[in-house]
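# Observations on the three-dimensional arrangement
Listed below are the residues making up each chain.
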Amino acid sequence: MTPEDVLKTGDALVVVDVQNDFCPDGTLPVPTGDEVVAVMNRWIAAAAERDVPVYASRDWHPRDHLSFDTEGGPWPVHCVQDTAGAAFHPELALGEGAIVVSKGTRFDKDQYSAFDDTGFAEELRRKGVTRIVVGGLAEDVCVHATAKDARAHGFDVVVIRDGTRAISEEGRRKTEADLEDAGVAFV
Ligand SMILES: [Zn+2]
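As the structure is a prediction and not an experimental result, all values here were calculated from the model. (Residues numbered from 1 in each chain as written. Predicted model: local features only at pLDDT ≥ 70, side-chain atom pairs only at ≥ 80, totals over all residues. Heavy atoms only, no water.)

### So, the overall build of the protein
- Summing up its helical and strand segments, the protein has 5 helices and 6 strands in all.
- For the protein, the N- to C-terminal ordering of α and β elements is α-β-α-β-β-α-β-α-β-α-β.
- For the protein, whose C-alpha radius of gyration is 15 Å, the value lies close to the compact-globule estimate of 16 Å for 187 residues.
- If you line up the protein on its principal axes, its C-alpha atoms span 45 × 35 × 30 Å.
- When each of the 187 residues of the protein is scored for burial, the buried share is 53%.
- Of all intrachain contacts in the protein linking residues separated by at least 6 positions in sequence, the fraction that spans at least 24 positions is 75%.
- Looking at the protein, you have 19 positive and 34 negative side-chain charges, and the mean spots of the two groups are 5 Å apart. (Helix = DSSP H or I, 4+ residues; strand = E, 2+ residues; numbered from the N terminus. Rg over C-alpha atoms; globule rule 2.2 N^0.38 Å. Buried < 20%, exposed > 50% of the residue type's maximum accessible area, 1.4 Å probe, protein only. Contact = heavy atoms within 4.5 Å. Lys, Arg positive; Asp, Glu negative; His and termini not counted. Charge placed at Lys NZ, Arg CZ, Asp CG, Glu CD.)

### Observations concerning the nonpolar core
- With 56 residues, the main nonpolar core has Leu13, Leu124 and Ile132 as its most contacted residues.
- Among the elements of the structure, strand 1 (11-16), helix 2 (36-49), strand 2 (54-59), helix 3 (120-126), strand 4 (131-137), helix 4 (139-152) and strand 5 (156-165) are those that each provide at least two residues to this core.
- Residues contacting Ile132, with those up to four places away along its chain left out, are Ala12, Val14, Phe115, Leu124, Ala150, Asp156, Val157 and Val158. (Core = buried A, V, L, I, M, F, W, Y, C linked by side-chain atoms within 4.5 Å.)

### Looking at the sheet that holds strand 4
- Pairing in this open sheet of 6 strands is parallel, and the strands run 3-2-1-4-5-6 from one edge to the other. Edge positions in the open sheet fall to strand 3 (99-103) and strand 6 (185-186), since each of these has one partner strand only.
- As judged from the 6 bridges shared by strand 4 and strand 5, these two strands associate in the parallel manner. Paired with Gly136 across the strands is Thr164, a residue of strand 5. (Pairing = 2+ DSSP bridges.)

### Thoughts on empty space enclosed by the protein
- Applying the stated criterion to the full structure yields 1 cavity of 30 Å³ or more.
- Of the volumes computed, that of the largest cavity is approximately 120 Å³.
- Taken together, 15 residues line the largest cavity, and the ones lying closest to its centre are Phe22, Leu28, Trp75, Val141 and Cys142.
- Here the residues of the lining of the largest cavity sort into 10 nonpolar, 2 polar and 3 charged. (1 Å grid on protein atoms, 1.4 Å probe; cavity = no way out; pocket = protein on both sides within 12 Å on 5 of 7 lines; lining within 4 Å. Points joined across faces, edges and corners; volume = space filled by probe spheres on them. Nonpolar A, V, L, I, M, F, W, Y, C, P; charged D, E, K, R; others polar.)

### Some thoughts on the coordination of the zinc ion
- Looking at the zinc ion, the protein donor atoms are Asp59 (OD), His61 (NE2) and His78 (NE2), and they sit 1.9 to 2.1 Å from it.
- Look at where the donors of the zinc ion fall in the sequence and you get D-x1-H-x16-H. In this pair, His61 sits in the loop between strand 2 and strand 3 while His78 sits in the loop between strand 2 and strand 3, placing the two residues 17 residues apart along the sequence. Each of the two residues, His61 as well as His78, counts as buried. (Donors = N, O, S within 2.8 Å, 3.2 Å for Na, K, Ca; no water.)

### Quick look at the pattern of salt bridges
- Per the stated rule, a full pass over the model turns up 18 salt bridges.
- In this structure, Lys103 and Asp59 form a salt bridge, with 3.3 Å as the shortest nitrogen-oxygen distance. Placement of the pair is Lys103 in strand 3 and Asp59 in strand 2, with a sequence separation of 44 residues.
- The exposure class assigned to Lys103 is buried, which follows from its relative accessible area of 0%. (Salt bridge = Lys/Arg side-chain N within 4 Å of Asp/Glu carboxyl O.)

### Things to note about the packing of helix 4 against helix 5 (residues 169-181)
- Two elements in contact, helix 4 and helix 5, have axes whose closest approach is 10 Å; the angle formed by their N-to-C orientations is 5°. Looking at the two axes, helix 4 sits roughly parallel to helix 5. From helix 4, Glu139, Asp140, His144, Ala147 and Lys148 reach across to helix 5, where they touch Gly171, Arg172, Thr175, Glu176, Asp178 and Leu179.
- In the contact of helix 4 with helix 5, the residues fall into 2 nonpolar, 3 polar and 6 charged. (Axes fitted to C-alpha atoms, helices over the stretch in contact; angles between N-to-C directions. Parallel < 35°, antiparallel > 145°, perpendicular 65-115°, else oblique.)

Listed below in structure tokens is the structure:
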């Protein structure tokens with residue numbers, strides 16, 4: 001299905017963490033992660049035509065964040081606030097209307113989901129959104145967590161299969177099975 005077939009009033013397009021550090025030259029690369037850029041750009045353009053709001057989440061860590069392996073966490077240092085690695089991919093065409101959702105900013109815990117203590121669910125309800133259409137990086141980490149949380153908050157969820165990439169093939173399979181169990185649709 002094309003973006004034009006899918007997007008409708010009441011939707012929001014959510015572009016998860018399409019940042020340099022998650023692309024092949026970054027510090028926490030998702031294999032072929034940069035391939036989502038062209039796909040998501042088509043969805044962003046279609047959303048603009050339909051007056052569907054566009055949100056872009058970003059991992060936005062303070063220096064020495066507890067999720068970094070230098071601090072005993074699971075991940076290499078990535079997406080440190082105001083660094084080039086934390087910037088959105090240079091070819092991601094978010095446009096002027098896109099709203100940024102920053103996460104991973106807390107000192108006391110990591111936030112994989114764009115809904116985790118960000119107020120995002122309230123923002124979507126305020127805009128009359130009932131369904132999110134989501135793509136970005138990585139499918140088996142932050143896209144997974146965001147889609148699952150959206151269901152828990154009562155939103156319908158569609159994941160754009162060619163607009164996301166997983167860190168591992170096993171992670172992709174487990175994620176898609178888990179999301180399907182949670183009532184998430186894939187296009
Ligand atoms: Zn992170």
